[in-house]
Amino acid sequence: MTQQFVVPFSMSGTRLDAVLAALMPEHSRSRLKAWLDEGLVEVDGEIRPGKTKLEGGETLTTRLPDAQRETEAQPENIPIDIVFEDEHMLVISKPPGLVVHPGAGNREGTLLNALLHHAPQLANVARAGIVHRLDKDTSGVMMVAKTPQAQTHLVRQLQTHAASREYLALVHGEIKRPGTVEGAIGRHGKDRTKMALVVFGGKPAVTHYAVRESFGGPALKGRHYTLLECKLETGRTHQIRVHLSSILRPLVGDPTYGKCGDTLFDRQALHAWRLTVKHPHTGESMRFVAPMPNDMKF
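Remember, it's a predicted structure, so these values are computed and weren't measured experimentally.

Student: Can you tell me about the overall build of the protein, naming the residues and giving the values?
Tutor: Assigned secondary structure in the protein consists of six helices and 15 strands. With the C-alpha coordinates of the protein rotated into their principal frame, the extents come out at 80 × 45 × 40 Å. Of all 298 residues assigned to the protein, the portion counted as buried reaches 47%. Contacts in the protein between residues far apart in sequence, at least 24 positions, make up 63% of those at least 6 positions apart. As presented, the protein carries roughly 15,400 Å² of accessible surface, and 49% of it is formed by carbon and sulfur atoms. Across the protein, 37 positive and 32 negative side-chain charges occur, with their mean positions spaced 8 Å apart.

Right, dumping it as structure tokens:
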């Protein structure tokens with residue numbers, strides 16, 4: 001898709017990347033930078049770096065990536081549990097076991113494949129409109145943008161914490177009071193498939209938790225479990241799993257950060273149960289809930 005703009009003379013002396021951001025506010029700066037780096041933006045027919053200062057009156061031509069470049073995944077008729085949908089966004093309840101993005105060993109059968117079948121126009125949106133992810137075995141509510149403009153708006157809400165995501169987590173042991181876990185998360189020093197709390201090179205992460213219900217006693221052979229409500233200030237990979245394991249309250253069923261020999265649950269007991277976000281077009285505050293799945297109910 002090709003678009004053209006004439007640079008206003010009022011923007012004389014402004015850098016190309018800043019002009020693009022002003023003329024195409026529906027796109028994020030990171031996306032615009034990527035297009036500049038790929039040579040997809042021309043100034044009077046020439047490719048210029050983003051730091052170039054413009055005089056005003058130049059013609060900008062943008063050749064945006066086509067659907068084939070944005071996503072090479074194929075549509076697949078995979079059922080989707082839809083919580084909400086309009087022309088701007090889609091909210092789904094993801095089941096456990098469904099991979100979100102295609103990757104090594106998972107080229108087919110993913111949520112992205114399902115979305116392309118449900119709404120073919122998503123082929124023209126980066127990552128088929130997916131703005132955040134859940135681990136394969138984590139269930140719950142997810143939002144998907146149906147236009148590039150909506151995607152930029154929703155991503156910015158996540159970045160500025162204007163959108164709120166809350167989870168239910170079933171953990172080993174007893175927790176009596178609410179608390180907060182704060183610690184930078186980065187790649188594990190020895191096992192690169194895992195994340196860990198790190199001193200250097202990690203990204204700041206904060207998880208708040210509150211007790212919803214406790215279980216224990218003779219009926220559970222003396223074992224104790226606690227169902228927590230967790231709220232994220234950040235969205236790091238495996239954040240809740242790493243943080244709760246760090247306070248010796250790992251998720252039930254977590255094969256990576258949990259207890260050895262844990263057979264009570266066949267996946268990590270983590271569910272994204274509530275999402276609060278502003279509608280990308282109207283600005284209305286909306287709240288979506290995915291009821292706790294049966295396999296997490298005691």
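Student: Tell me about helix 6 (residues 239-246), and name the residues and values.
Tutor: The buried fraction of helix 6 is high, at six of eight residues. L248 sits one or two positions beyond helix 6 and adopts a positive phi of about 65°.

Student: So, the layout of surface pockets: which residues are in play, and what are the values?
Tutor: Computed from the structure, the largest pocket encloses a volume of approximately 1,100 Å³. Contributing to the lining of the largest pocket are 43 residues, with V131, H132, L158, R165 and G235 lying nearest its centre. Taken together, the elements giving at least two residues each to the lining of the largest pocket come down to helix 2 (29-37), helix 3 (67-70), helix 5 (148-159), strand 8 (164-172), strand 13 (224-232) and helix 6. With six residues, the single largest contributor to the lining of the largest pocket is helix 5. Counted by class, the lining of the largest pocket contains 13 nonpolar, 16 polar and 14 charged residues.

Student: Hey, could you go over the pattern of salt bridges for me, with residue numbers and the actual values?
Tutor: Counted by the stated rule, this structure contains eleven salt bridges. E229 is paired through a salt bridge with R212; the nearest N and O atoms lie 2.9 Å apart. Of this pair, E229 sits in strand 13 while R212 is found in strand 12 (residues 206-216), placing the two residues 17 residues apart along the sequence. The class of R212 is partly exposed, set by a relative accessible area of 36%. The salt bridge partner of D295 is R267, with a shortest N-O separation of 3.0 Å. Taken together, the residues D295 in the segment after strand 15 (285-289) and R267 in the loop between helix 6 and strand 14 (270-278) connect sequence positions 28 residues apart.

Student: Summarise the sheet that holds strand 4 (residues 59-63); cite the residues concerned and give the values.
Tutor: Spatial strand order, 1-4-2-3: four strands in an open sheet with antiparallel pairing. Of all the strands in the sheet, the pair left with one neighbour each is strand 1 (2-6) and strand 3 (46-47). Pairing geometry for strand 1 and strand 4, over five bridges, is antiparallel. Looking across to strand 4, one finds that V6 is bridged to T59. Packed on one face of the sheet, helix 1 (residues 16-23) meets strand 1, strand 2 (41-43) and strand 4 and runs near 75° to strand 4.

Student: Tell me what's going on with the environment of G50, and back it up with residues and numbers.
Tutor: Along the polypeptide, G50 turns up in the loop between strand 3 and strand 4. Separated by 162 residues in the primary sequence, G50 and R212 place their C-alpha atoms 51 Å from one another. Those residues in contact with G50 that sit more than four places away from it in its chain are R15, L16, D17 and L36.

Conventions used here
Residues numbered from 1 in each chain as written. Predicted model: local features only at pLDDT ≥ 70, side-chain atom pairs only at ≥ 80, totals over all residues. Heavy atoms only, no water. Helix = DSSP H or I, 4+ residues; strand = E, 2+ residues; numbered from the N terminus. Buried < 20%, exposed > 50% of the residue type's maximum accessible area, 1.4 Å probe, protein only. Contact = heavy atoms within 4.5 Å. Areas by Shrake-Rupley, 256 points an atom, 1.4 Å probe, with all protein chains shown as cover. Lys, Arg positive; Asp, Glu negative; His and termini not counted. Charge placed at Lys NZ, Arg CZ, Asp CG, Glu CD. 1 Å grid on protein atoms, 1.4 Å probe; cavity = no way out; pocket = protein on both sides within 12 Å on 5 of 7 lines; lining within 4 Å. Points joined across faces, edges and corners; volume = space filled by probe spheres on them. Nonpolar A, V, L, I, M, F, W, Y, C, P; charged D, E, K, R; others polar. Salt bridge = Lys/Arg side-chain N within 4 Å of Asp/Glu carboxyl O. Pairing = 2+ DSSP bridges. Axes fitted to C-alpha atoms, helices over the stretch in contact; angles between N-to-C directions.

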